[in-house]
Amino acid sequence: MTCDMMKMDQSSDEEDFMFNKVFGADVSGVEARVICIEADVSDGLPVFDMVGFLASAVKEARERVRIAVRQMGIRFPAKRITVNLSPANLRKEGTSFDLPIAISLLTAFGHLSCECTENTLFIGELGLDGTLYAVNGVLAMVLAGREQGIHRFVVPTANVWEAAVLQDIELYGMDTLKQTVQFLRGDIEKEKVHISFEQWQNSQEDSVDFSDIVGQSAMKRAAEIAVSGRHNLLMIGPPGSGKTMLAKRLPTIMPRMDMEESLEITRLYSICGLLPERTSVVTKRPFRAPHHTVTPTALTGGGRIPMPGEITLASKGVLFLDELPEFSRASLEVLRQPLEEHKVTISRVGKSYEYPSDCSFVAAMNPCRCGYFPDRDKCRCTVGEIRKYLAKVSEPLLDRMDLCVETGLPDFHLYGHENESSADIRERVSRAMEMQRMRYREESFSYNGELTGTALKKYCPLGKKEREYLEMLFQGQELSMRRISRIIKVSRTIADLAGSNDIREEHITEAVRFRSVDRKYWGVAEG
């Protein structure tokens, strides 16, 4: 990438000015774009124009840059100054252009040589005193720049950790505009910032473990199956039975994220401004547990300026909805399509945004308002109240839950017993996932929970005995074909956990058992 220069004809007592361009970037949706910032200083009425389809925050950069440059003791020449952000047909948003605009102008004024800004992408918001402030989406911008062949990146010091694990780049953190100029001139030296992914990953430890959960063998087994095949899980039981406790520990039994997955999640969190300070990369699986007052837009994404929702922020991890019936009907129903397609599409006039929703969906609920149905010794609810409470979860959404498990209060004698750790369960889950990756290596999906249509028939063949068993269930329990398909997918995962290449009757039996609990509750309520 080269920088064009064109000296202007002026009298000997005037400064030489030039045309110059540098590179900046911004974020649109969840994608970053490299933008070329061009600056030109020419004869004419003194004016400072900025063009290129700019949002308000970018237009305001003119004053921030003007004052920050003046604070360095550099005056703006009485010339016609034009800054263009190209390509002009893309709307530019955010404050990340402040630094590249300032650098482009200083180069055009002759205070920096064009060579020192070549093959460099600048990111940062300027304060009036020249301080560089952090912006969102730095990792996404650096990744976009690297894809276009840029190797050197100058970012605010507060953002420098975000891209520190990337290889084959030169990353520098700056505190002020003045320091950036001194660095480009070679007046000061700055060390490249880099940290190995393995070093960062090893420094992160889980604060919770499955061994903390007392008893609840059925719930643990359902969780293991759900995680192994990326299936949806619903837990039903009284208060205090450990539903929330188990959900929070689900990420600890998932395989550790590789660098590609970590960068994808870190990029999303960086864009949304959710990355903790001095965090280089997210290495723990996301766990998102929105409150039941969450709006449909906050859950799936959108808004005036479309941003990812909770289901996207949970990608590669767990989206947990506690007290499921307390969520609004609109919020629950809007989840149906993203759970099926593993993506969220938000349409606006002239543009569509597509966000991933590749997560494990887990929900928990009480069986009634008081929480103790069907124990009539404790439950104070009438049949009508129970029916009304359970009806808040629609049949179509319930149909999309691959596993439904009943939880109960653990016996006191189990306290103090040694329980299986997350590491032990994670080892089995990893083996099952590896079997799936090998099986689907030529497909666009990787997990049993993503099987649909033709792929289900191809990868989940059933023997004669198994087919007859499923047919008996279909006729006897009046199961929908959607539910039968989900039983087969769960059976495939149970077989993988057992190390079996074939789906056997015992695998189907266990899968059916985890899809019959909901009938116990909704059936009684209907009766």
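Up top you'll find the structure we're talking about.
Presented here is an overview of the structure given in this document.

Conventions we followed
All residue numbers refer to position in the chain's written sequence, counted from 1. The predicted nature of this model means local features are confined to residues of pLDDT at least 70 and side-chain atom pairs, given and counted, to a pLDDT of 80 or more, with totals for whole chains, interfaces and linings taken over all residues. Only heavy atoms go into the side-chain values, all of them from the structure, while hydrogens and water stay out. Strands here are runs of E lasting at least two residues and helices are runs of H or I lasting at least four, both read from the DSSP assignment and numbered beginning at the N terminus. Contacts are assigned to residue pairs with any non-hydrogen atoms lying within 4.5 Å of each other. Where accessible areas are quoted, they stem from the Shrake-Rupley method and a 1.4 Å probe; at the residue level, only the protein chains shown are allowed to cover. For this count, His and the chain ends are skipped, Lys and Arg are scored as positive, and Asp and Glu as negative. By convention, the charge on Lys lies at NZ, on Arg at CZ, on Asp at CG and on Glu at CD. A side-chain nitrogen of Lys or Arg and a carboxyl oxygen of Asp or Glu constitute a salt bridge if their distance falls within 4 Å. The rule is simple: take the accessible area with a 1.4 Å probe, protein chains only, and divide by the maximum for that residue type; under 20% is buried, over 50% is exposed, in between is partly exposed. Polar contacts, as counted here, are pairs of nitrogen or oxygen atoms within 3.5 Å of one another; within protein the pair requires one atom able to donate a hydrogen and one able to accept it, and residues that are adjacent in sequence qualify only if both atoms are side-chain atoms. Here the arc refers to the set of directions running from the helix axis out to each C-beta atom. In this scheme, strands are said to pair when DSSP sees at least two bridges between them. Only the contacting stretch of a helix is used when fitting its axis, a line to C-alpha atoms as for every element, and angles between N-to-C directions run 0 to 180 degrees. By the definition adopted for this analysis, an angle is roughly parallel if under 35 degrees, roughly antiparallel if over 145, roughly perpendicular if from 65 to 115, and oblique otherwise. Polar here means any residue other than Ala, Val, Leu, Ile, Met, Phe, Trp, Tyr, Cys and Pro, which are nonpolar, and Asp, Glu, Lys and Arg, which are charged; Gly is therefore polar. When the near helix sits turned anticlockwise from the far one by under a right angle, the crossing is termed left-handed; a clockwise turn instead gives a right-handed crossing. We define a nonpolar core as any set of buried Ala, Val, Leu, Ile, Met, Phe, Trp, Tyr and Cys residues linked to one another through side-chain atoms lying within 4.5 Å. Classification of ring pairs uses Phe, Tyr and Trp, with its six-membered ring standing for Trp, and accepts pairs whose centres are within 6.5 Å; under 30 degrees between planes counts as stacked, over 60 as edge-to-face, and the remaining range as tilted. In our convention, an over-ring charge means Lys NZ or Arg CZ found within 6 Å of a ring centre and within 35 degrees of that ring's normal.

1. Side note on the overall build of the protein
Next, step 1: Within the protein, the secondary structure is distributed over 21 helices and 18 strands.
Next, step 2: On the principal axes, the C-alpha backbone points of the protein span a range of 95 × 50 × 45 Å.
Next, step 3: Of the contacts formed within the protein by residues at least 6 apart in sequence, a portion of 72% connects residues at least 24 apart.
Next, step 4: For the protein, the exposed surface amounts to about 23800 Å²; the carbon and sulfur share of it is 48%.
Next, step 5: Here the protein holds 67 positive side-chain charges and 75 negative ones, and the gap between their average locations is 5 Å.

2. Re the pattern of salt bridges
Next, step 1: Under the counting rule described, the total for this entry stands at 30 salt bridges.
Next, step 2: Across the salt bridge formed by arginine 428 and glutamate 420, the nearest N and O atoms sit 2.6 Å from each other.
Next, step 3: By relative accessible area, which is 23% here, arginine 428 ends up partly exposed.
Next, step 4: Exposure remark for glutamate 420: the relative accessible area of 34% places this residue in the partly exposed category.

3. Digging into the side chain of threonine 120
Next, step 1: For threonine 120, the position within the fold is in strand 5 (residues 120–122).
Next, step 2: A relative accessible area of 0% means that threonine 120 is categorised as buried.
Next, step 3: Among the polar contacts made by the side chain of threonine 120, one reaches the main-chain carbonyl oxygen of glutamate 118 at a distance of 2.9 Å.
Next, step 4: There is a polar contact of 2.8 Å between the side chain of threonine 120 and the side chain of arginine 152.

4. Here's the deal with the side chain of asparagine 20
Next, step 1: Topologically, asparagine 20 is positioned in strand 1 (residues 20–28).
Next, step 2: At 3.4 Å, the side chain of asparagine 20 and the side chain of serine 104 are in polar contact.

5. Notes on helix 2 (residues 61–71)
An α-helix turns once per 3.6 residues; consequently, residues spaced three or four apart project the same way.
Next, step 1: Taken together, the buried positions of helix 2 are occupied by Ala61, Arg64, Val65, Ala68 and Val69. Seen from one end, helix 2 has its buried residues packed into an arc of 120 degrees, which puts them on one side.
Next, step 2: Of the surrounding secondary structure, the elements contacted by the buried residues of helix 2 are strand 3 (47–51), helix 1 (56–59), helix 3 (98–108), strand 6 (125–126) and helix 5 (177–185).
Next, step 3: Two residues or fewer past helix 2, glycine 73 is found with a positive phi of approximately 85 degrees.

6. Points about the pairing of strand 10 (residues 233–236)
Next, step 1: Alternating positions in strand 10 separate into two faces, Leu233 and Met235 on one and Leu234 and Ile236 on the other, with burial throughout.
Next, step 2: The pairing of strand 10 with strand 17 (residues 360–365) spans four bridges and is parallel. Following the sheet pairing, isoleucine 236 is matched in strand 17 by methionine 365.
Next, step 3: One ladder, built from four bridges, connects strand 10 with strand 18 (residues 403–406); its direction is parallel. Bridge pairing in strand 18 links leucine 233 to leucine 403.

7. Digging into the packing of helix 4 (residues 138–147) against helix 9 (residues 259–271)
Next, step 1: Relative to each other, helix 4 and helix 9 sit at 125 degrees, their axes nearing to 7 Å. The angle between helix 4 and helix 9 falls in the class oblique. On helix 9, the residues touching Val138, Leu139, Ala140 and Leu143 of helix 4 are Leu263, Thr266, Arg267, Ser270 and Ile271.
Next, step 2: Residue composition of the contact of helix 4 with helix 9, grouped by class: six nonpolar, two polar and one charged.

8. Topic: the sheet that holds strand 17
Next, step 1: An order of 11-14-17-10-18 is seen for the five strands of this open sheet, with the pairing classed as parallel. Every other strand in the sheet has two partners, leaving strand 11 (287–288) and strand 18 as the edge strands with one partner each.
Next, step 2: Along the sheet, helix 7 (residues 217–229) makes contact with strand 10 and strand 18, crossing strand 18 at roughly 165 degrees.

9. Side note on the packing of helix 7 against helix 16 (residues 422–439)
Next, step 1: Relative to each other, helix 7 and helix 16 sit at 35 degrees, their axes nearing to 9 Å. As helix 7 packs across helix 16, the resulting crossing turns out to be right-handed. Only Ile425, Arg428, Val429, Ala432, Met433 and Gln436 of helix 16 make contact with helix 7, whose side of the interface consists of Glu224, Val227, Ser228 and Gly229.
Next, step 2: Partitioned by chemical class, the residues of the contact of helix 7 with helix 16 number five nonpolar, three polar and two charged.

10. Quick notes on the nonpolar core
Next, step 1: If you look at the biggest cluster of nonpolar residues, it comprises 78 residues, and the most contacted ones within it are Leu234, Leu321, Met365 and Trp522.
Next, step 2: Ranked by the residues each element gives to this core, the list is headed by helix 4, at seven residues.
Next, step 3: The contact partners of methionine 365, leaving out residues within four places of it in the chain, are Leu234, Met235, Ile236, Gly237, Lys243, Leu324, Pro325, Tyr389, Leu390, Val393 and Trp522.
Next, step 4: Met254, Phe320, Cys460 and Ala511 belong to the second-largest nonpolar core, a separate cluster that totals 47 residues.

11. Re the packing of aromatic side chains
Each pair of aromatic rings is reported with the distance of its centres and the angle of its planes.
Next, step 1: Inspection of every chain in the model, using the stated rule, returns six aromatic pairs.
Next, step 2: Measuring from centroid to centroid gives 4.7 Å for tyrosine 172 and phenylalanine 183, while their planes differ by 45 degrees, and the two rings are tilted. With tyrosine 172 in strand 9 (residues 170–174) and phenylalanine 183 in helix 5, the pair connects residues that are 11 residues apart, well separated along the chain.
Next, step 3: The interplanar angle of 55 degrees and the centroid separation of 5.0 Å between the aromatic rings of tyrosine 440 and phenylalanine 445 together place this pair among those described as tilted.
Next, step 4: An aromatic cluster of at least three residues, connected via ring pairs, comprises Phe48, Phe76 and Phe109.
Next, step 5: Above the face of the phenylalanine 76 ring, arginine 66 is positioned so that its terminal group lies 5.7 Å from the ring centre.
Next, step 6: Sitting over the face of the ring of tyrosine 447, arginine 230 holds its NZ or CZ atom 4.2 Å from the ring centroid.

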